[in-house]
Amino acid sequence: MNDQLKYYSDRVTKGLMTRREFVGRAAALGVTAAVANSILATAAKAAGPVKGGTLRMGIQGGESTNSLDPALAASTVPTVNLRNFGDCLVNVAPDGSIENRLAESIEASADAKTWNFKIRKGVEFHNGKSLTPDDVMRTMERHSNEDATSGALGIMQGIESMAVDGDNFQVTLSTPNADLPYLLADYHLQIQPDGGFDDPASGIGTGAYMIEVDEPGVRHLFKRNPNYWDDSIGHADEIEVLALNDATARTAALQSGQVHIIDRVEPKIAQLLDRAPNVDVKSVSGPGHYVFIMHCNTAPFDNADLRMALKLAINREELVDKILRGYGTMGNDFPINKAYPLFDDTIPQRTYDAALAAEHYKKSGHDGSPIILQVADGAFPGAVDAAALFQQSAQAAGIPLEIKREPNDGYWSEIWNVQPFCASYWSGRPVQDQMYSTAYLSTADWNDTRFFNDEFDALLNSAKAELDNEKRKEIYSQMAKLLRDEGGLICPMFNDSVEGVASNVGGWIEDPNLTVMNCMAGIKCWLDA
Amino acid sequence: MHPILKLVAQRVALGCLLLFAASVLIFAGTTILPGDVAQQILGQAATPENLANLRAELGLNDPPLTRYFSWLGGVLQGDLGTALTNGRDIAESLGDRLSNTLFLAFWAALISVPLAIFLGLLAVRYKDRWPDKLISGVTLTTISIPEFMIGYILIYWISIRFGWFSSVAIINDSMSLGQKLNAIAIPVMVLTLVVLAHMMRMTRAAILNVMQSAYIETAELKGMPMLKIIRKHAFPNAIAPIVNVVMINLAYLVVGVVVVEVVFAYPGMGQYLVDHVAKRDIPVVQACGLIFAAVYIGLNLVADIVSILANPRLRHPK
């Protein structure tokens, strides 16, 4: 919504301006009386949720190949669907703390190796079956057993054994991990009846909504679950999730009122869209980051000076400005930012320094042959342009960067984690431990920078067992500095999630975890009449 | 055997051969693409273990020839199998998608074919005068603008500014015919604008070609009115080329509308095929490929038969 309109509508709600005056001002701004009245209705509404209606979401990242099987969810539409019909043991709350869901309480042993989750009673699956701790254990088994194809397999590997003890589900870890609840908040780990072994894609969960229509890649319709255990969630009668992969189609659908919420508003049109009278653009900074990755064990990137030269030769400010259009913040060559608890904001920001970059480049003894950077826009939106800007700023430092453009199709299998220098994207993780264990530990499955550093590994393991947050923060800070100076990650920017929301949507909150309110906008928002 | 029946039989046999060749090409094509379905499903989240697990689960460790022939065997028995990516029955999902595609193509054809022929005739009637120039100018302009651009322009004006029709063309079974037509109104307009020029120009050219014949001159000298000459003498002789171009455009309306489907999020065959190509889901790609090939072959067959029926010299071979 236009800032001026917002200002005026605030004045009306505060009694400083009459309704008639407002409609007059709005008309001067090109807004019809009907729309002006609906703006007022929104502004003057009571803060409480409104029940009823069909909340429609236009979401990017839904294919006709999608399934309701929680283990296979890899894009946004399937994740939103999971949030609608399922529940995890715990969630990561918008402020980064842990919120109990199907677990009523959590207890950890002093060494952070044994964890007890007390399972909520009186919760029913959509098929009428009551939730038991056995269902929880079976679910965890399905995602962690050796035949699993689950996207959560990687995070389940530290589990030594699981057991059911009365109302409790008990996990024993092979090495201590103070962040276990954050791992179990992963969206793949929706609790299914009997763990979903017999029919994983049935769409039966304990969630606030029940699936009515499942047309992968097109639309998904959900009806409110009348027996849901938590009254504070699930306001609309129905949620309709439309797969709108085309950015213009999403924007048009929001503007013409066919959907109420869209994700991934393109930064270049965000400000234009915000000016539309019945639409608000929301942006929230989160842990997602756009990066260039170098393999630390492959020539010429096995040379620490060359890596440093490239890190200094990228103009971060310009990238945030031109690629993200300001919807983001500068990165500092480690994958953590203020979205994480225990982030150390005193680490100095690395900035573009052509002279220093040239110095490091010279010291590296590189032969002057072109350094090939492989990119595709599939890596992150604007990756090709970002690479071109990188090339220019590197050239000014005398570094011969050459861009090789790759097709989007097959990028994640052929280029990323295969080629020594390419563009990539990380959506981030709720806690530092998980981010580092996923991609920077020597033994990590996705060590896409080929970063093998014993000191770093030892620090990470000591942080896992450390329950004192001050001490952990200190350890993470050391790790960040190590990675920043030695690692193969060039992290120039953290991108905000930018979303478009109709002004009659209530309950929107900033949630940095995943896009559209941690994919829970459907179950948490409501429609003002 | 009647010569027309014989010709049809020959063409159908040839068509089957072409379908087989197409299926081999599609299979080979998707097989040599980088990455496989397991890799594509798991994407950036793939670890070596779950990749191996998924490959085993999907039977990707069988040699390609075995996979191809087991698929072909299924198809010959009328079983299209299940999608590797989400385990859905292909025939079922494909049936929905195909009927959506045909629904859109039907309405686009119903408007564009008569309109194109009518405009073609009109252009001939007023050859080199302003109606001819106007028709040619407008249709050539719309065919020169990329489809997505026309789509966006129409969405902006018709849907956002005036709020007449929906900008998202997602249709489903619970909608009434009126709601469905409202949903597809803008895509139908786009498709009409895109195919109009081609058919209109061909109609105009074919009739003008006939108009230069001696018998048209005779008719003119006899004082027959222009419209009557076009209708009774020129048009029947120009049918063959017109039918050909109409069929090509009908085929396009069925198999070539991916861009329009993306812009309007229309649940047709095109997007379905593209999603599965991206995921290397070979059984689905094969099934779509076969249907597309069959549409092309079938419509060409129809064009041939109509040409023969319209032309007495071909109807009675010596």
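Here goes a summary of the coordinates provided. (Residues numbered from 1 in each chain as written. Chains lettered and ligands numbered in written order. Predicted model: local features only at pLDDT ≥ 70, side-chain atom pairs only at ≥ 80, totals over all residues. Heavy atoms only, no water.)

## Some points on the interface of chain A and chain B
1) Next: Chain A puts 41 residues into the contact, and the matching count from chain B is 41 residues.
2) Next: Of the roughly 3300 Å² buried at the junction of chain A and chain B (both faces included), carbon and sulfur atoms supply 54%.
3) Next: If you sort the residues of chain A by the area they bury against chain B, Ser64(A), Thr65(A) and Thr149(A) come out on top, with a joint share of 17%.
4) Next: Put simply, chain A and chain B have two salt bridges between them.
5) Next: A salt bridge links Asp214(A) to Arg88(B), with the shortest nitrogen-to-oxygen separation between them at 2.4 Å.
6) Next: If you look at where chain A meets chain B, you find 11 residue pairs in polar contact (both at pLDDT 80 or more). (Contact = heavy atoms within 4.5 Å. Buried area = accessible area lost by both parts, 1.4 Å probe. Salt bridge = Lys/Arg side-chain N within 4 Å of Asp/Glu carboxyl O. Polar contact = N/O pair within 3.5 Å; in protein donor to acceptor, adjacent residues only side chain to side chain.)

## Quick word on the side chain of Asn495(A)
1) Next: Of note, Asn495(A) is situated in strand β17 (residues 489-502).
2) Next: The buried category is assigned to Asn495(A), whose relative accessible area is 12%. (Helix = DSSP H or I, 4+ residues; strand = E, 2+ residues; numbered from the N terminus. Buried < 20%, exposed > 50% of the residue type's maximum accessible area, 1.4 Å probe, protein only.)

## What to know about the pattern of salt bridges
All names here are of chain A.
1) Next: Enumeration according to the criterion identifies 30 salt bridges over all chains in this entry.
2) Next: The residue Arg 101 makes a salt bridge to Asp 230 at a minimum N-O spacing of 3.1 Å. Of the two residues, Arg 101 is situated in the loop between β3 (98-100) and β4 (103-108) and Asp 230 in the loop between β9 (219-224) and β10 (238-243); the sequence distance between them amounts to 129 residues.
3) Next: Judged by its relative accessible area of 4%, Arg 101 falls in the buried class.
4) Next: The class of Asp 230 is buried, set by a relative accessible area of 13%.
5) Next: Ionic pairing is found between Asp 333 and Arg 316, a salt bridge with its closest N-O pair at 2.9 Å.

## Digging into the packing of helix α12 (residues 269-278) of chain B against helix α13 (residues 282-310) of chain B
All names here are of chain B.
1) Next: Orientation of α12 relative to α13, taken along the N-to-C sense of each, is 145°, at an axis distance of 9 Å. When you trace α12 past α13, the crossing you get is left-handed. Residues Met 269, Tyr 272, Leu 273, His 276 and Val 277 of α12 lie in contact with α13, whose contacting residues are Val 284, Val 285, Cys 288, Ile 291 and Phe 292.
2) Next: In terms of residue class, the contact of α12 with α13 is made up of nine nonpolar, one polar and no charged. (Axes fitted to C-alpha atoms, helices over the stretch in contact; angles between N-to-C directions. Left-handed = near helix turned anticlockwise from the far one by under 90°. Nonpolar A, V, L, I, M, F, W, Y, C, P; charged D, E, K, R; others polar.)

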